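Now for the letters of each chain:
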Amino acid sequence: MEEDLYYLPNQPFRTNIAEGKTEGEKLIVEGYLLDSDCSSQIKNAVIDIWQASAEGEYEDEFYRGQIKTDKNGYYKFETVMPVGYGEGTAYRPPHIHFKVFIDNKEIVTSQMFFSDVEGRDGFNDEYIINVKKADKILKGNYNIVLPDYNK
């Protein structure tokens, strides 16, 4: 699986995973971590995030980090808009990877995509981040709904 090629565990906790980088369009992603019932919010979970840069490259030091959901299951992080990479049938559209951990147990590994994959074969629209531009900053909203898991 691709995430095994690019995922690096034990990244620092930080709300800006592109800190110190000026390339790319600023993107703020926020939302709630929800249980499989789509309404119960999950507090104190860890979301591990990684993505390609604005140049379509994975880096060991940047574009990675962990965040923790608050008492209401809310999360927020800052980054830059990733770009796609690869060619032909190996092309990957822009996306952000994430893993969710509850009590140090990995619950899910998934990806957030952007509107350019809407309606395309192989992509489910429920994985698309709702992005709007406000004050020259892209703001994305994405609620993560966990699969049914053994609590």
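Up top is the structure these notes are about.
Residues numbered from 1 in each chain as written. Predicted model: local features only at pLDDT ≥ 70, side-chain atom pairs only at ≥ 80, totals over all residues. Heavy atoms only, no water.

Backbone geometry follows two general trends: most residues other than glycine have a negative phi, and most peptide bonds adopt the trans configuration. Not every positive phi belongs to a glycine, and Asn104 is a case in point at roughly 65°. With respect to the element layout, Asn104 can be found in the loop between β5 (95-102) and β6 (105-113). Take Asn104: its relative accessible area is 79%, and that puts it in the exposed class. Positioned with a positive phi, Lys136 is a non-glycine residue whose angle comes to about 65°. Looking at where Lys136 falls in the secondary structure, it is placed in the loop between β7 (130-134) and β8 (137-141). (Helix = DSSP H or I, 4+ residues; strand = E, 2+ residues; numbered from the N terminus. Buried < 20%, exposed > 50% of the residue type's maximum accessible area, 1.4 Å probe, protein only.)

Let's shift gears to the environment of Trp50. Along the polypeptide, Trp50 turns up in strand β2 (residues 46-51). Its relative accessible area of 1% is what places Trp50 among the buried residues. Separated by 83 residues in the primary sequence, Trp50 and Lys133 place their C-alpha atoms 22 Å from one another.

Where two aromatic rings form a pair, the distance of their centres and the angle of their planes describe that pair. For the structure on display, the rule yields nine aromatic pairs. With a centroid separation of 4.7 Å and 55° between ring planes, the pair formed by Tyr7 and Trp50 is classed as tilted. With Tyr7 in the loop between α1 (2-6) and β1 (26-34) and Trp50 in strand β2, the pair connects residues that are 43 residues apart, well separated along the chain. The buried category is assigned to Tyr7, whose relative accessible area is 18%. Ring centres 5.0 Å apart and planes at 75° place the aromatic pair Phe113 and Phe123 in the edge-to-face group. With Phe113 in strand β6 and Phe123 in the loop between β6 and β7, this residue pair connects regions lying ten residues apart in the sequence. Judged by relative accessible area, Phe113 falls into the buried class, the value being 8%. Here the aromatic cluster, defined as three or more aromatic residues joined through ring pairs, consists of Tyr6, Tyr58 and Tyr85. Taking the ring centre of Tyr7 as reference, the NZ or CZ of Lys99 above it sits at 4.7 Å. (Phe/Tyr/Trp six-rings, centres within 6.5 Å; stacked < 30°, edge-to-face > 60°. Lys NZ or Arg CZ within 6 Å of the ring centre and 35° of its normal.)

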